Amino acid sequence: MNAQEKLDRGLLRVDEAECKGCGLCIEACPPKVIGLSEGLNHYGYRTAVYAGRGCTGCGICFLACPEPGALTVYRAVLKRPVAVDRTLGGQSAGGGMACASN
Amino acid sequence: MREDVADFTIAHEKAQSFYASYERKGELQHQTHYCPGCGHGVIHKMLARAIDEMGIQDRTILISPVGCSVFAYYYFDVGNIQAAHGRAPAVATAAKRSRPHSVVISYQGDGDLSAIGSGEILHAANRGENITVIFVNNAIYSMTGGQAAPTTLIGQKSTTTPCGRSAANEGYPLRVSEMLATLEAPVYIERVGLGDNKQIAQAARAIKRGVENQVKGLGFSLIEVLSPCPTIWKMSAVDAQRWVRDVMEKTYPLGVLCDRTKEARVHAMPAAAPPLEELPRLLDIPEDDPAVDVPEGAAKAVDLQVRVAGFGGQGVLLLGEVLAEAGLDAGLEVSWLPSYGPEMRSGTSNCHVRISNETIDSPMVSSPNMLIAMNEPSLRKFVATVRPGGWILYNGDAIPADCVRSDVHELSIPFTHVADEIGDARITNMVMLGALLEITGALPQASVDSALKRLVKSARWYELDERALERGREIYCGSLAVI
């Protein structure tokens, strides 16, 4: 991914082993930035892939996805002097973040 | 990847209320067992998120159902009880009543909730239990391969409605939420769908509200979710989602069906069950009830298997009850089983009594060693069942010739005449009981007295019964003298 994509308001990570390729996230995505992979995963599914441009971090794909952890949605942090937990694997830092989907 | 997202923070991720890995089959510990595009996963996510947001993970009890969502306990890191088919709302009731502080969520599909469990959900709703019910309606039995459910749409094909459901043959689709909304108790019932983004967002709000209502103690909430089943519907996940929106919703319109959250008061929990020590008082059992212990060694093996039979109203059940109660008082194992059949509505009636110093395996007495037959039809019905060496007490002059058995003892006396002489034909049963007690010699008179006192409240009848018992004993002894 190049520097320009960092300017996206959101970012999507797909857990390939968990995604079953149902396509509901693709259908749900408002800016249409998710597609299906060319190759198959370990279980024989074509999985969701983030096209890499235009994600708003709205989280609608996350709600539409039937797997609990197949998708993780990131949102750009505004450059403000606010301490934000940037640990990715840890607890959700979403406490102060507005959530577009609900 | 990590460097790429260094300027990003997580907005949506797997809810904490899910286990990090699912302890199910070997390598499938990171994904659910649901088919691709199944609505259950989506609903699970909404529910888990609601639990996270309210910070109630540690006090949530999920009632896992039968059906596709049977394995919910693999996924939700909350307390869990697995309920039998259809019983989730009943199990939830018990969980909530015994742990009022817990947040109890009953989760069921339509086959479970609207077919075998239709009674349970109806009454849990009608009692206004302070629980949250998630009702996943996909209009079909999915786990067992697609038979019609009560919620199957008119015209919808299934393995049991191959030509499409018809109202004439299978009835109309059951609108559970509408039905429950007619009740007075439920606080909040809403039907939502997973047909598109807007519907999904609304479903998430409704589920959260349903859980919130319980946390606030407002009462019964049910959220019905119209949910896609791509596999059984034989559609792609996206088409199934569309079918929810375009077809299912016509039969099951979305919306709030009942909302009394504003006027609802905090749900008053039913009074706690009385402590165990209180029970004797509540059941009117005297505190100083003298349970006589059978002395060690001196105890002779008691195995009384008594069948008492007669016409309804002859005191058949009471006879058995006094006998069993006296056995209880004597420190023995007892069982008393009335036979409520159509015969109770005129005709013969009977009860089974077992008294033993061993644990009783079954309360049934199919081959008695003691038959009390208060009239001829009862004698004829049971005479063949008496064990060789057993006893028949017959209320009549003599056992009819065709009923005579050479391998059993018998005592035939018109006991009713004896009762008449004492003062009332209605104590025939006690005269016969007196004879039985004398024959067996297994129960002390003190136990019989205290049993009778507990069961017969009227002093006059108690006194008459005591005399009847005594007379019965004498009759048996007298019959021996004659022999």
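See the structure above.
The model shown is predicted, which means the values in this text are computed figures rather than measured ones.

Draft legend 1. Local environment of the overall build of chain B. In terms of regular secondary structure, chain B is built from 17 helices and 14 strands. Its C-alpha atoms give chain B a radius of gyration of 32 Å, more than 25% over the compact-globule value 23 Å for 483 residues. In terms of overall dimensions, chain B has a C-alpha envelope of 110 × 55 × 50 Å along the principal axes. Evaluated residue by residue, chain B yields a buried proportion of 52% over its 483 residues. Counting only carbon and sulfur atoms, one obtains 55% of the accessible surface of chain B, whose full area is about 21300 Å². Computing the positive centroid from 45 side-chain charges and the negative centroid from 57, chain B places the two 9 Å apart.

Draft legend 2. Looking closely at the overall build of chain A. Secondary structure assignment for chain A yields 2 helices and 4 strands. Element order for chain A, N to C, with α for helix and β for strand: β-α-β-β-α-β. Relative to its full complement of 102 residues, chain A shows a buried share of 46%. As displayed, chain A has an accessible area near 5100 Å², and 55% of this comes from carbon and sulfur atoms.

Draft legend 3. Up close: the pairing of strand 4 (residues 71-76) of chain A. Across the 6 residues that make up strand 4 of chain A, a large majority, 5, are buried. Two elements, strand 1 (residues 10-14) of chain A and strand 4 of chain A, share 5 bridges in a ladder whose sense is antiparallel. By the bridge assignment for strand 4 of chain A, R13 of chain A is matched with T72 of chain A. Both strand 4 of chain A and strand 1 (residues 8-12) of chain B contribute to a ladder of 4 bridges, which runs antiparallel. Directly across from V73 of chain A, in strand 1 of chain B, lies its bridge partner H12 of chain B.

Draft legend 4. Spotlight on the packing of helix 14 (residues 415-422) of chain B against helix 15 (residues 428-440) of chain B. All names here are of chain B. For the pair helix 14 and helix 15, the least separation of the axes is 8 Å and the interaxial angle reads 110°. Put simply, helix 14 runs roughly perpendicular to helix 15. Crossing handedness for the pair helix 14 and helix 15: right-handed. Here F415, T416, V418, A419 and I422 of helix 14 come into contact with helix 15, specifically with T428, V431, M432 and A435. Looking at the contact of helix 14 with helix 15, its residues break down into 7 nonpolar, 2 polar and no charged.

Draft legend 5. Local environment of the sheet that holds strand 1 of chain A. The strand order 1(A)-4(A)-1(B) describes an open sheet built from 3 strands, whose pairing is antiparallel. The open sheet has two edge strands with one neighbour each: strand 1 of chain A together with strand 1 of chain B. Within the sheet, the average angular offset between the axes of one strand and its neighbour, ignoring direction, is 35°.

Draft legend 6. Just the sheet that holds strand 10 (residues 333-339) of chain B, in detail. All names here are of chain B. Judged by pairing direction, the sheet is mixed, and its 6 strands sit side by side in the order 10-11-9-12-13-14 without closing on themselves. Each end of this open sheet is capped by a strand with a single partner; those strands are strand 10 and strand 14 (409-413). On average, adjacent strands in this sheet sit at an angle of 10° to one another, irrespective of strand direction. Judged from the 4 bridges that link them, strand 9 (residues 303-311) and strand 12 (residues 370-373) form a sheet pairing that is parallel. Counted as the bridge partner of R307 is L371 from strand 12.

Draft legend 7. Expanded view of the nonpolar core. Residues and elements named next belong to chain B. Residues L323, L393, L433 and L443 are the most contacted members of the largest nonpolar core, which totals 48 residues. Looking at which element gives the most residues to this core, the answer is helix 15, with 8 residues. Ignoring anything within four residues of it in the chain, the contact list for L433 reads L319, V322, L323 and L469. Counting 38 residues, the second largest nonpolar core, distinct from the first, contains I51, I56, L62 and V187.

Draft legend 8. Structural context of the side chain of S479 of chain B. Residues and elements named next belong to chain B. One can find S479 in helix 17 (residues 459-482). The class for S479 is buried, based on a relative accessible area of 16%. Within the structure, S479 has its side chain in polar contact with the backbone oxygen of Y476 (distance 2.6 Å).

Draft legend 9. How the structure looks around helix 15 of chain B. Residue and element names in this part refer to chain B. Across its 13 residues, helix 15 extends 19 Å between first and last C-alpha, which sits within 8% of the 18 Å expected from 1.5 Å per residue. Most of helix 15 sits inside the fold, with 12 of its 13 residues counted as buried. The set of residues buried in helix 15 consists of T428, N429, M430, V431, M432, L433, G434, A435, L436, L437, I439 and T440.

Draft legend 10. Highlighting the side chain of T152 of chain B. Residues and elements named next belong to chain B. Within the secondary structure, T152 is located in the loop between strand 5 (132-137) and helix 6 (167-170). Engagement of the side chain of T152 in a polar contact is seen with the backbone oxygen of A139, the distance being 2.8 Å. Here T152 is in contact with A139, I140, R165, P173 and Y252, once residues within four sequence places are set aside.

Draft legend 11. Layout of the packing of aromatic side chains. Residue and element names in this part refer to chain B. Counting across every chain of the model gives 9 aromatic pairs over all chains. Here the aromatic rings of F18 and F76 are separated by 5.2 Å at their centres, their planes lie at 35°, and the arrangement is tilted. You can see F18 sitting in the loop between strand 1 and helix 1 (39-54) and its partner F76 sitting in the loop between helix 2 (72-75) and strand 3 (79-82), a full 58 residues away along the chain. Note on accessibility: F18 and F76 belong to one class, buried. Summarising the aromatic geometry, the rings of Y22 and Y75 are spaced 4.7 Å apart at their centres and angled 80° between planes, so their arrangement reads as edge-to-face. With Y22 in the loop between strand 1 and helix 1 and Y75 in helix 2, this pair connects stretches of sequence that are 53 residues apart. This pair shows no difference in class: Y22 is buried, exactly as Y75 is. Members of the aromatic cluster, connected to one another through ring pairs, are Y22, Y34, F71, Y73, Y74 and Y75. Against the face of Y188 rests R209, its NZ or CZ located 4.3 Å from the ring centre. For R460, the ring lying beneath its charged end belongs to W461, and the centroid distance is 5.0 Å.

Draft legend 12. Seen up close, the pairing of strand 11 (residues 348-356) of chain B. Residues and elements named next belong to chain B. Most of strand 11 is tucked away: 9 of the 9 residues are buried. On strand 11, burial covers both faces: T348, N350, H352, R354 and S356 on one face and S349, C351, V353 and I355 on the other are all buried. When strand 9 meets strand 11, the two strands line up antiparallel, connected through 9 bridges. Looking at the pairing, D303 lines up with S356 of strand 11. With 7 bridges joining them, strand 10 and strand 11 adopt antiparallel strand pairing. Across the sheet, residue V334 finds its bridge partner in strand 11, namely I355.

Conventions and cut-offs
- Residue numbering note: each chain is counted from 1, following its sequence as written.
- In the order they appear in the text, chains get letters beginning with A and ligands get numbers beginning with 1.
- Side-chain atom pairs in this predicted model are given and counted only at pLDDT of 80 or more, local residue features only at pLDDT of at least 70, and totals for whole chains, interfaces and linings cover all residues.
- Excluding hydrogens and water, the side-chain figures rest on all heavy atoms present in the structure.
- Strands are runs of DSSP state E lasting at least 2 residues, helices are runs of H or I lasting at least 4, and numbering of each runs from the N terminus.
- Here the radius of gyration uses the C-alpha set of atoms, whereas the globule reference equals 2.2 Å times the residue count to the power 0.38.
- Exposure categories follow from relative accessible area, calculated using a 1.4 Å probe and restricted to protein chains: below 20% of the type maximum is buried, above 50% is exposed, and the middle band is partly exposed.
- Areas reported as accessible are Shrake-Rupley estimates using a 1.4 Å probe. Residue values count occlusion only from the protein chains shown.
- His is not counted, nor are the chain ends; Lys and Arg add positive charge and Asp and Glu add negative charge.
- Taken as the charge centre is NZ of Lys, CZ of Arg, CG of Asp or CD of Glu, depending on the residue.
- If DSSP finds at least two bridges between two strands, the strands pair.
- Helix axes are fitted to C-alpha atoms over the stretch in contact, other axes to C-alpha atoms as well, and angles between N-to-C directions run from 0 to 180 degrees.
- If an angle is under 35 degrees, it is roughly parallel; if it is over 145, roughly antiparallel; if it lies from 65 to 115, roughly perpendicular; otherwise it is oblique.
- In this scheme, a crossing is called left-handed if the near helix is turned counterclockwise away from the far one by less than a right angle; it is called right-handed if the turn is clockwise.
- A contact between two residues is defined here by any heavy atoms of the two lying within 4.5 Å.
- Asp, Glu, Lys and Arg are counted as charged, while Ala, Val, Leu, Ile, Met, Phe, Trp, Tyr, Cys and Pro are counted as nonpolar; the rest, among them Gly, fall into the polar class.
- The set of buried Ala, Val, Leu, Ile, Met, Phe, Trp, Tyr and Cys residues whose side-chain atoms join them within 4.5 Å is what this entry labels a nonpolar core.
- Here a polar contact is taken to be a pair of N or O atoms separated by no more than 3.5 Å, where protein atoms must pair a possible hydrogen donor with a possible acceptor and residues adjacent in sequence count only if both atoms sit in side chains.
- Take the number of residues in a helix, subtract one, and multiply by 1.5 Å to get its expected span.
- Any two of the Phe, Tyr and Trp rings considered here, Trp counted by its six-membered ring, make a pair once their centres fall within 6.5 Å; the pair's planes then place it as stacked at under 30 degrees, edge-to-face at over 60, or tilted in between.
- A ring has a charge above it when a Lys NZ or an Arg CZ is no more than 6 Å from the ring centre and no more than 35 degrees off the ring normal.

Keep in mind these numbers describe shape, not what the thing actually does.
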